[in-house]
Amino acid sequence: MKGTITIPSDKSISHRAVMFASLAHGASTIKNFSNGQDPLSTLQICQALGIQTEFKDRNLIIRGGKLQAPAADLDCGNSGTTMRLMAGILAGQNFNSTLTGDSSLSKRPMKRIIEPLSLMGAVVNGTDGRPPLQIIGAPLQGIHYICPLASAQVKSAVLLAGLHAKGKTTFTEPYLSRNHTEIMLKYMGAAINTNGAAVSIEPSELKPRTIEIPGDISSAAYFIAAGLIVPDSEIILKNVGLNPTRTGILDVVKKMGGSVEILDKRTVSGEQVGDLRVKTSDLTGCTIEGELIPRLIDELPVIAVMATQANGQTIIKDAQDLRNKESDRIKATVTELKKLGAGVNETEDGFIIKGKTKLTGGVEVQTYHDHRLAMSLYVANLVCERPIKINGFEWVNISFPEFEQLFDTFG
Ligand code: S3P
């Protein structure tokens, strides 16, 4: 692989830009909004809540203000971020609403947000802690919530509820998860303060702003892994978000002896951004655990692929919550990589990969309705002896519709 590509828009930041701009009174301009299906689900929900939006010169204009009661259920599609963050926004409104999702989202746990929101006075009803969520708008009270999980979705739901609650809301997590909510709320004028893995917010009016969204390091991860393991590669990935709460993959690549160089670091709308140069490298296995996990949670399936091509053992632990993503990503990754000939075994909270293995391929694999499985298996295919058939590859559209086209530019 040789050449240069620009990494498309960050999914996490795109969700937040639309939601927060919808809450700010006046017109915000969002530059480089993602065209993944998940952020589009968020956009459609904001429209259903009465917010005027338009695409103008490739920018998304959001005319935010007071949200209106929706005429129908709000469909979050496949997107956990949409459901959990919107629940925090809707809990304190003076109307009722229902959030629904597709078959994958309908199986995902929502107790993690129902519990703190209920402590704030919210009325959020799930079915056995799962979607759909029926939300009865109610006045909210600030709390100090100590979360057992490092989760940006739970943190954001609580902070967004705190934006409209009486008094101060504080959220503490065991390790710092992605902090895009904190950065963007501050950028839009909220009274928010962070102290390590604790963050506090007081009721605030958001101001409309221009928000430029960087490229998604979780999308770049597939090119980083491919560039490192495909022989004789040297590629440049432009405009990659380098927020330190997301760069766990770069720390792991360094630990494994991989060559990824950061070029031209800058700050855009409060977020760090840079270009990356990736070269084929001899990799060595390593252990990935603890505070690193939330900083690379979505990259673990493709890191597992990379580890099949590293010498020695890679151990991934403390990643139990991977079982609650778009699929059970521990089971799915292990089952499908085994089919390709990888030496990988499942543990309760992660996996153990023995490398370096020649992947044989020549089989059909499944994606479990999970975009990250689809893209990880595509990368695995690049180093398989025989091509594989990926069933359900279209799930890439959830976060990265340009994925295949960008890989094609490398021939
Ligand atoms: C996300 C947070 C992560 C991540 C998800 C997107 C976000 O989930 O897995 O894809 O945008 O806040 P958790 O923080 O709940 O682990």
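1. Here's the deal with the overall build of the chain
Counting its regular elements, the chain contains 12 helices and 26 strands. Computed over the C-alpha atoms, the radius of gyration of the chain is 21 Å, within 12% of the 22 Å expected from 2.2 N^0.38 for a compact globule of 411 residues. Its C-alpha atoms give the chain principal-axis dimensions of about 60 × 45 × 40 Å. Here the chain, with 411 residues, has 59% of them falling under the buried criterion. Within the structure as shown, the chain displays about 15,400 Å² of accessible surface, and the carbon and sulfur contribution to it stands at 48%. Taking the average place of the 43 positive charges on the side chains of the chain and the average place of its 42 negative ones, the gap between the two points comes to 2 Å.

2. Focus: the sheet that holds strand β12 (residues 169-172)
Strand order in this open sheet of 4 strands is β10-β12-β14-β13, and the pairing throughout is mixed. Looking at strand neighbours, the two that pair on one side only are β10 (144-146) and β13 (191-195), the edges of this open sheet. Neighbour-to-neighbour, the strand axes of the sheet open up by a mean angle of 15 degrees, direction not taken into account. Taken together, the 4 bridges between β12 and strand β14 (residues 198-202) define a ladder with antiparallel strand orientation. When the sheet's bridge partners are listed, T172 is paired in β14 with A198. Of the strands in this sheet, β12, β13 and β14 touch helix α5 (residues 152-163), which is tilted by about 25 degrees from β14. Most of the contacts of helix α6 (residues 180-187) go to β13, to which it runs at about 140 degrees, and overall it touches β13 and β14.

3. Here we look at the packing of aromatic side chains
Counting across every chain of the model gives 12 aromatic pairs. Summarising the aromatic geometry, the rings of F223 and F403 are spaced 6.2 Å apart at their centres and angled 55 degrees between planes, so their arrangement reads as tilted. Taken together, the residues F223 in helix α7 (residues 217-229) and F403 in helix α12 (residues 403-408) connect sequence positions 180 residues apart. Through a chain of ring-to-ring contacts, three or more aromatic side chains come together here, namely Y222, F223, Y378, F393, F400, F403, F407 and F410. Cation over ring: R209 sits above Y187, and NZ or CZ is 4.1 Å from the ring centre.

4. Concerning the site of the ligand
Lining the immediate surroundings of the ligand are S12, R16, T81, S151, A152, Q153, R178, I297, D298 and K325. Residue S151 places a side-chain N or O atom 2.7 Å away from an oxygen atom belonging to the ligand. The fraction of the free accessible surface of the ligand (380 Å²) that becomes covered by protein chains is 96%. Judged by the fraction of its atoms near the pocket grid, the ligand is located in the largest pocket. Elements supplying a minimum of two residues to the shell around the ligand: α1 (11-23) and α5. For the shell around the ligand, a count of residues per class yields 2 nonpolar, 4 polar and 4 charged. When residues of the shell around the ligand are sorted by domain, at least three fall in each of domain 1 (11-212) and domain 2 (217-409).

5. Looking at the nonpolar core
The biggest cluster of nonpolar side chains holds 72 residues, and the ones touching the most others in it are F223, L237, L300 and F351. Per element, the largest residue contribution to this core is 10 residues, and it comes from α7. Every residue in contact with L237, bar those within four places of it in the chain, is listed here: I5, I7, A220, F223, I224, G274, D275, L276 and V278. V18, F20, L49 and L85 belong to the second-largest nonpolar core, a separate cluster that totals 62 residues.

6. Describing the sheet that holds strand β16 (residues 234-241)
Across the sheet, which stays open at both edges, the 4 strands sit in the order β1-β16-β18-β17 with mixed pairing between neighbours. Both outer strands of the open sheet, β1 (2-6) and β17 (259-268), are each paired with one neighbouring strand and no more. Going from strand to strand, the sheet's axes swing by 15 degrees on average, the running direction of each strand aside.

7. Remarks on the layout of surface pockets
Put simply, the largest pocket is a space of about 630 Å³. When residues of the lining of the largest pocket are traced back to their parent elements, those giving at least two are α1, α3 (80-90), α5 and α11 (371-382). Tallied by class, the residues present in the lining of the largest pocket amount to 10 nonpolar, 12 polar and 17 charged. Of the residues that make up the lining of the largest pocket, three or more belong to each of domain 1 (11-212) and domain 2 (217-409). Approximately 330 Å³ is the volume attributed to the second largest pocket. Contributing to the lining of the second largest pocket are 15 residues, with S9, N32, F33, R58 and E402 lying nearest its centre.

8. Let's talk about the domain arrangement of the chain
As a measure of interface size, the accessible area lost when the parts come together is often cited. By the assigned domains, the chain splits into domain 1 (11-212) and domain 2 (217-409). Put simply, the middle of domain 1 and the middle of domain 2, counted by C-alpha atoms, are 28 Å apart. Between domain 1 and domain 2, the contact holds 30 residues from the first and 27 residues from the second. Between domain 1 and domain 2, roughly 2,200 Å² of surface is buried when both sides are summed, and carbon and sulfur atoms account for 50% of that area. Applying the counting rule to domain 1 against domain 2 returns 3 salt bridges.

9. Quick word on the packing of α1 against α3
Axis separation between α1 and α3 bottoms out at 11 Å; the angle between their running directions is 20 degrees. As judged from the angle between their axes, α1 and α3 are roughly parallel. The two elements α1 and α3 cross, and the hand of that crossing is right-handed. Within the contact between the two elements, α1 uses H15, R16, M19 and L23 and α3 uses T81, T82, L85, M86 and I89. The residue makeup of the contact of α1 with α3, split by class, is 5 nonpolar, 3 polar and 1 charged.

About the criteria used
The residue numbers shown here count from 1 along each chain, following its written sequence. Local features in this predicted model are restricted to residues whose pLDDT is 70 or higher, and side-chain atom pairs enter the listing and the counts only when it is 80 or higher, whereas totals over whole chains, interfaces and linings include all residues. Each side-chain value is derived from all of the structure's non-hydrogen atoms; neither hydrogens nor water enter the calculation. The helix count covers DSSP runs of H or I at least four residues long, the strand count covers runs of E at least two residues long, and both are numbered beginning at the N terminus. When we talk radius of gyration, it's over C-alpha atoms, and the globule rule is simply 2.2 Å times the number of residues to the 0.38. Three exposure classes are used, based on accessible area relative to the maximum for each residue type with a 1.4 Å probe and protein chains only: buried under 20%, partly exposed in between, and exposed over 50%. Computed with the Shrake-Rupley method and a 1.4 Å probe, the accessible areas treat only the protein chains shown as cover for residues. Positive charges come from Lys and Arg alone, negative charges from Asp and Glu alone, with His and the N- and C-terminal ends not counted. Every charge is mapped onto a representative atom, which is NZ of Lys, CZ of Arg, CG of Asp or CD of Glu. Two strands pair under a simple rule: DSSP has to find at least two bridges between them. To obtain each axis, a line is fitted to C-alpha atoms, and for helices this fit is confined to the stretch in contact; angles are then taken between N-to-C directions over 0 to 180 degrees. Whether two residues are in contact is decided by their heavy atoms: any pair within 4.5 Å suffices. Ring pairs shown here join Phe, Tyr and Trp side chains whose ring centres sit within 6.5 Å, with only the six-membered ring taken for Trp; geometry is labelled stacked below 30 degrees between planes, edge-to-face above 60, and tilted in between. Put simply, a charge is over a ring when the Lys NZ or the Arg CZ is close to the ring centre, within 6 Å, and near the line of the ring normal, within 35 degrees. For this purpose, a residue is taken to be near a molecule or strand whenever a single non-hydrogen atom of the residue falls within 4 Å of it. Polar contacts, as counted here, are pairs of nitrogen or oxygen atoms within 3.5 Å of one another; within protein the pair requires one atom able to donate a hydrogen and one able to accept it, and residues that are adjacent in sequence qualify only if both atoms are side-chain atoms. Method remark: on a 1 Å grid restricted to protein atoms, a set of points is classed as a cavity if a 1.4 Å probe fits but cannot get out and as a pocket if it is open with protein on both sides within 12 Å along at least five of seven lines; lining residues have an atom within 4 Å of a point. A cavity or pocket is said to hold a molecule if more than half of that molecule's atoms lie within 2 Å of its grid points. Each residue gets one of three labels, nonpolar for Ala, Val, Leu, Ile, Met, Phe, Trp, Tyr, Cys and Pro, charged for Asp, Glu, Lys and Arg, and polar for the others, Gly among them. In this document the domain limits rely on a domain assignment from an automatic tool or a database. Take the buried Ala, Val, Leu, Ile, Met, Phe, Trp, Tyr and Cys residues and link them wherever side-chain atoms come within 4.5 Å; each set so joined is a nonpolar core. Grid points are joined across faces, edges and corners, and a volume is the space filled by probe spheres set on the points. We define buried area as the total accessible area lost by two parts upon association, computed with a 1.4 Å probe and summed across both. Here, a salt bridge means any side-chain nitrogen of Lys or Arg that lies within 4 Å of a carboxyl oxygen of Asp or Glu. Any angle that is under 35 degrees is reported as roughly parallel, and any over 145 degrees as roughly antiparallel; angles of 65 to 115 degrees are reported as roughly perpendicular and all others as oblique. Note on convention: near helix rotated counterclockwise from far helix by under a right angle means a left-handed crossing. Clockwise means right-handed.

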